[in-house]
Amino acid sequence: MLGFLFLINTIQPEGLVFQGFVVGFQDFVTKHMTTFDPNCRRCPRLASFLDEVKAANPDYFCRPVPPFGVNEPRLLIVGLAPGLNGANRTGRPFTGDYAGTLLYSTLHRFGFATSGEPLDAAGRANPALQLTACRITNAVKCLPPGNKPETAEVVACNGYLKSELEALPRGTVVLALGNVAHQSVLRALGLKVKDYAFAHAARHRLPGGTTLYDSYHCSRYNTQTRRLTEAMFHAVFATIKEELSCPTST
Ligand code: SF4
């Protein structure tokens, strides 16, 4: 096993064969990995990038960003990955960039957060903001260059998401923000992507009692281009809120 780990950290994939090997091996690791490691450096590209960003910004968090919220949520929100000046700076998912401004104001509006202000006066994660019956995580826990994780990195991090999903109480609603999060949830649950197509505001009843909702990611790009409006985002949360107040819905 250690030999495999050494090999995976030293090879430089240059083609599909190596890439396939990496993905296949990381699939193996994923199935045997459970507990979130706050010092994880399994993805060499991301670990190096975090080192670079930390050197340029010593006060930034620059480590795998842990989930935030209650331990037994009724709603689990899954995003893509930490943003450079958001979660990667503050150490809290969706905290410090535009996506978090919209997400937390929406969570507050629908009663899932004690405050709609993700930052305090000093620009740090607001200690007065606590989630209610809600938890937020990312499909990839480390900042990726250009906000674009590679497939192998999404796969490598999937074991952490798998353990988070397995810990959920039965009947929990999962909201995937964007297609990468959607596919990561399905992968973590051992389900086929082709059986559950991503679409904004889609609702998927999954085996095991989990309900998966989809939304376009609340990124600045998506909102500036009007792919996702605040009203569209609120409508998804209104539906989820209604579902959670009616536990017998199917
Ligand atoms: S993205 Fe996930 S698996 Fe990769 S180094 Fe970060 S925490 Fe580890």
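Parameters and conventions
- Residues numbered from 1 in each chain as written.
- Predicted model: local features only at pLDDT ≥ 70, side-chain atom pairs only at ≥ 80, totals over all residues.
- Buried ≥ 20, exposed ≤ 12 C-beta atoms within 10 Å, placed from the backbone.
- Helix = DSSP H or I, 4+ residues; strand = E, 2+ residues; numbered from the N terminus.
- Contact = placed C-beta atoms within 7 Å.
- Pairing = 2+ DSSP bridges.
- Axes fitted to C-alpha atoms, helices over the stretch in contact; angles between N-to-C directions.
- Parallel < 35°, antiparallel > 145°, perpendicular 65-115°, else oblique.
- Left-handed = near helix turned anticlockwise from the far one by under 90°.
- Near = placed C-beta within 6 Å.
- Nonpolar A, V, L, I, M, F, W, Y, C, P; charged D, E, K, R; others polar.

**Observations concerning helix H7 (residues 179-188)**
Stage number 1. Counting buried positions along H7 yields 7 of 10 residues, so the element is predominantly enclosed.
Stage number 2. All of the buried residues along H7 are Val180, Ala181, His182, Ser184, Val185, Leu186 and Ala188.
Stage number 3. Summarising the contacts, the buried residues of H7 are in contact with strand E2 (75-79), helix H6 (151-166), strand E4 (173-177) and strand E6 (211-215).
Stage number 4. Taken from the residues just after H7, glycine 190 is the one with a positive phi, measuring 75°.

**Some details on the pairing of E2**
Stage number 1. The buried count for E2 comes to 5 of 5 residues, which makes it a mostly enclosed element.
Stage number 2. Alternating residues of E2 divide into Leu75, Ile77 and Gly79 and Leu76 and Val78, and every residue in both groups is buried.
Stage number 3. Alignment of E2 against strand E3 (residues 134-138), held across 5 bridges, turns out to be parallel. Counted as the bridge partner of isoleucine 77 is isoleucine 136 from E3.

**Comments concerning the sheet that holds E6**
Stage number 1. Pairing is mixed in the open sheet, where 6 strands are placed in the order E1-E3-E2-E4-E6-E5. Single-partner strands in this sheet number two, and they are strand E1 (68-69) and strand E5 (203-205).
Stage number 2. Where E5 and E6 come together, 3 bridges link them in antiparallel fashion. Across the sheet, histidine 204 pairs through a bridge with leucine 212, a residue of E6.
Stage number 3. Across the sheet, helix H9 (residues 230-244) lies against E2, E4 and E6, angled at about 165° from E6, the strand it touches most.

**Digging into the packing of H6 against H7**
Stage number 1. Viewed as axis vectors pointing N to C, H6 and H7 meet at an angle of 65°, and their least axial separation amounts to 9 Å. With respect to each other, H6 and H7 are oriented roughly perpendicular. Once H6 is placed against H7, the crossing between them reads as right-handed. Two secondary-structure elements touch here, H6 through Val154, Asn158, Leu161, Lys162 and Leu165 and H7 through Val180, Ser184, Val185, Arg187 and Ala188.

**Observations regarding the site of the ligand**
Stage number 1. If you check the shell around the ligand, you find 13 residues, and the closest are Cys40, Cys43, Pro64, Cys142 and Cys157.
Stage number 2. Listing elements by their share of the shell around the ligand, those giving two or more residues are helix H3 (44-56) and H6.
Stage number 3. Sorting elements by how many residues they give to the shell around the ligand places H6 first, with 3 residues.
Stage number 4. When the residues that make up the shell around the ligand are grouped by side-chain class, the tally is 9 nonpolar, no polar and 4 charged.

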